[in-house]
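# A closer look at the structure
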2 protein chains.
Amino acid sequence: MPPQARGRASDSAKCTALDNDLTWAIRMISMALRRVAAEAAETLPGGSRAYLVLMALAEAEDKPPTQLELAGQVGLDRTVMTYLLDDLEGRGLLLRRPNPKDRRARHVILTDEGRSQLLRIRTELAAAESQLLVELSEQQRAQFRDLLAQVALTAARGSHGD
Amino acid sequence: MPPQARGRASDSAKCTALDNDLTWAIRMISMALRRVAAEAAETLPGGSRAYLVLMALAEAEDKPPTQLELAGQVGLDRTVMTYLLDDLEGRGLLLRRPNPKDRRARHVILTDEGRSQLLRIRTELAAAESQLLVELSEQQRAQFRDLLAQVALTAARGSHGD
DNA sequence: GACAGATAGTCAGGTTTGCAGAACATTTTC
DNA sequence: GAAAATGTTCTGCAAACCTGACTATCTGTC
């Protein structure tokens, strides 16, 4: 039995208890998005972390990062990165290319398969997002996005000055 | 070193990568609320799970649940519930009262201390919620709550028919 | 050019954490 | 009296993570 089954049951129990208006709403939406993200990334070894790695690689595709740089970008330990890349390389999503200038370092580059998997996940996430807003009018969606962005900025400000 | 330090760093790394508009905003807000909830509940043994237990107890205070009922409500294993209640009882937040009608079962009841701790946490959470909306006008807040509730219902519907 | 020290990546443990199964005592129910 | 249920404890498992050692390489200094 996958660990998600238990976690999800526990989360739904939380939801019935935590309906403090805003917190409950945010939690429901966040859970829905997280669930979709987990499902979209569950075919990848390493789950959502693999998604982060693929994102980082796609962003800097012109200048492939080394494993250490990659680890720093996504906040992982280098040893963890080694295992993660082992799995991802095993599935043909990326390659480790030794740097001829510094033969200690290995640059990580996306394969076509990796790019297509990343595209698949992004598409699924985008679909889930728009599905969430399906009951809102066009005007309401714009309002919602604006308000959400503003509140998110407030939240980000509060978290930065920790 | 607390595990939150690493988790938080990784989460902030996620945020820079995942700014897909809506998902990013929801994630920021959810993280801020989670952080506050974790801080508010960190004085309790068991963290946010203890908060769930206290909530469940306060909701059904006229009919104190047994440990097994409580475990079912918050989605915990009964063995885990035993340990959690050990800690909470040790801090005087609740009592285990044997049921004279069925001396196998033990009802769990809130103490005054438990009630006051619960009130404290709820107050902190409410303060954090309103702090999030501090930059919005009164009208915007109402709009935001309405839209958020509607989207949350959509999200909940999607999760129910899993 | 040779050496010491630093660095990238890998790997083999060990630690922690959290959960759940099994066994047990106590009590109820049939 | 047999079977089931509640709660407790012991135990082991599994995942995730990190530390430390190791190899291979680079960089600086003499």
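This section reports on the structure supplied with the text. (Residues numbered from 1 in each chain as written. Chains lettered and ligands numbered in written order. Predicted model: local features only at pLDDT ≥ 70, side-chain atom pairs only at ≥ 80, totals over all residues. Heavy atoms only, no water.)

We now examine the overall build of chain A. When its secondary structure is counted, chain A shows 7 helices and 2 strands. Reading chain A from its N end, one meets helices and strands in the order α-α-α-α-α-β-β-α-α. With 162 residues in all, chain A has 45% of them scored as buried. In chain A, once contacts between residues fewer than 6 apart in sequence are set aside, the share between residues at least 24 apart is 48%. For chain A, the computed accessible surface area is about 8,800 Å², with 53% contributed by carbon and sulfur atoms. (Helix = DSSP H or I, 4+ residues; strand = E, 2+ residues; numbered from the N terminus. Buried < 20%, exposed > 50% of the residue type's maximum accessible area, 1.4 Å probe, protein only. Contact = heavy atoms within 4.5 Å. Areas by Shrake-Rupley, 256 points an atom, 1.4 Å probe, with all protein chains shown as cover.)

Across soluble globular proteins, nonpolar side chains show a tendency to be buried alongside one another. The biggest cluster of nonpolar side chains holds 34 residues, and the ones touching the most others in it are Ile29, Phe144 and Leu148 of chain A together with Ile29, Phe144 and Leu148 of chain B. Those residues in contact with phenylalanine 144 of chain A, other than ones at most four positions away along the chain, are Leu133 and Leu136 of chain A together with Leu22, Leu147, Leu148 and Val151 of chain B. (Core = buried A, V, L, I, M, F, W, Y, C linked by side-chain atoms within 4.5 Å.)

Attention shifts here to helix α5 (residues 78-90) of chain A. Residues and elements named next belong to chain A. A rise of 1.5 Å per residue sets the reference length of α5, with its 13 residues, at 18 Å; its end C-alpha atoms lie 18 Å apart and thus fit the reference within 8%. Residues of α5 that are buried include every one of Met81, Leu84, Leu85 and Leu88, and no others. In an axial view of α5, the angular spread of the buried residues amounts to 100°, which keeps them on one side of the axis. In α5, the exposed residues that point more than 90 degrees away from the buried face are Tyr83 and Gly90. Contact partners of the buried residues in α5: α3 (48-59), α4 (67-74), β1 (94-98) and β2 (106-110). (Expected span 1.5 Å × (residues − 1). Arc of directions from axis to C-beta.)

For the pair chain A and chain B, the superposition axis carries a translation of 0.1 Å, the fit reaches an RMSD of 0.2 Å, and the rotation angle comes to 179°. On the angle and the small slide along the axis, the relation comes out as a two-fold axis. Most of the interface of chain A is mirrored in chain B, where 98% of its interface residues again form contacts. (Least-squares fit on C-alpha atoms with pLDDT ≥ 70 in both.)

Turning to the interface of chain A and chain B, a few remarks are in order. Contact with chain A, which involves 54 residues of that partner, is made by 53 residues of chain B. Where chain A abuts chain B, roughly 5,300 Å² becomes buried across the two surfaces, and 63% of that area is made up of carbon and sulfur atoms. Looking only at chain A, the three residues that lose the most surface to chain B are Leu22, Leu147 and Val151 of chain A, adding up to 12% of its buried area. Scanning the region where chain A abuts chain B turns up 4 salt bridges. Of the charged contacts in the structure, one is a salt bridge between arginine 157 of chain B and glutamate 135 of chain A, with a shortest N-O distance of 2.7 Å. Between chain A and chain B we count 5 residue pairs in polar contact (both at pLDDT 80 or more) in total. Among the secondary structure elements, those contributing two or more residues to the side of chain A that touches chain B are α1 (3-17), α2 (22-41), α3, α4, α6 (112-132) and α7 (138-160) of chain A. Take the side of chain A that touches chain B: its biggest share by element is 16 residues, from α7 of chain A. Split by residue class, the side of chain A that touches chain B holds 26 nonpolar, 14 polar and 14 charged. (Buried area = accessible area lost by both parts, 1.4 Å probe. Salt bridge = Lys/Arg side-chain N within 4 Å of Asp/Glu carboxyl O. Polar contact = N/O pair within 3.5 Å; in protein donor to acceptor, adjacent residues only side chain to side chain. Nonpolar A, V, L, I, M, F, W, Y, C, P; charged D, E, K, R; others polar.)

In this section: the environment of tyrosine 83 of chain B. Residues and elements named next belong to chain B. Locating tyrosine 83 in the fold gives a position in helix α5 (residues 78-90). Residue tyrosine 83 is classed as exposed on the basis of its relative accessible area of 58%. Distance from tyrosine 83 to glycine 46, taken between C-alpha atoms, is 9.2 Å for residues 37 residues apart in sequence.

All names here are of chain B. Throughout the structure, instances matching the rule amount to 1 cavity of 30 Å³ or more. By volume, the largest cavity is sized at about 30 Å³. By residue number, the principal contributor to the lining of the largest cavity is strand β2 (residues 106-110), which donates 3 residues. For the lining of the largest cavity, the residue count by class is 6 nonpolar, no polar and 1 charged. (1 Å grid on protein atoms, 1.4 Å probe; cavity = no way out; pocket = protein on both sides within 12 Å on 5 of 7 lines; lining within 4 Å. Points joined across faces, edges and corners; volume = space filled by probe spheres on them.)

Residue and element names in this part refer to chain B. Here helix α4 (residues 67-74) has its buried residues at Gln67, Leu70, Ala71 and Val74. In an axial view of α4, the angular spread of the buried residues amounts to 100°, which keeps them on one side of the axis. Facing away from the buried side of α4 by over 90 degrees, the exposed positions are Leu68 and Gly72. A positive backbone phi angle near 75° is found at glycine 75, which sits one or two residues after α4.

Between two packed helices, both the angle of their axes relative to each other and the distance between the axes serve to describe the pair. Residue and element names in this part refer to chain B. At their nearest, the axes of helix α2 (residues 22-41) and helix α6 (residues 112-132) sit 9 Å apart, and the two run at 155° to each other. Overall, the two elements α2 and α6 adopt an arrangement that is roughly antiparallel. Like other packed secondary-structure pairs, α2 and α6 cross with a definite hand, here right-handed. The residues of α6 that touch α2, namely those facing Ile29, Leu33, Val36, Ala37, Ala40 and Ala41, are Arg120, Ile121, Glu124, Leu125, Ala128, Glu129 and Leu132. In the contact of α2 with α6, the residues fall into 10 nonpolar, no polar and 3 charged. (Axes fitted to C-alpha atoms, helices over the stretch in contact; angles between N-to-C directions. Parallel < 35°, antiparallel > 145°, perpendicular 65-115°, else oblique. Left-handed = near helix turned anticlockwise from the far one by under 90°.)

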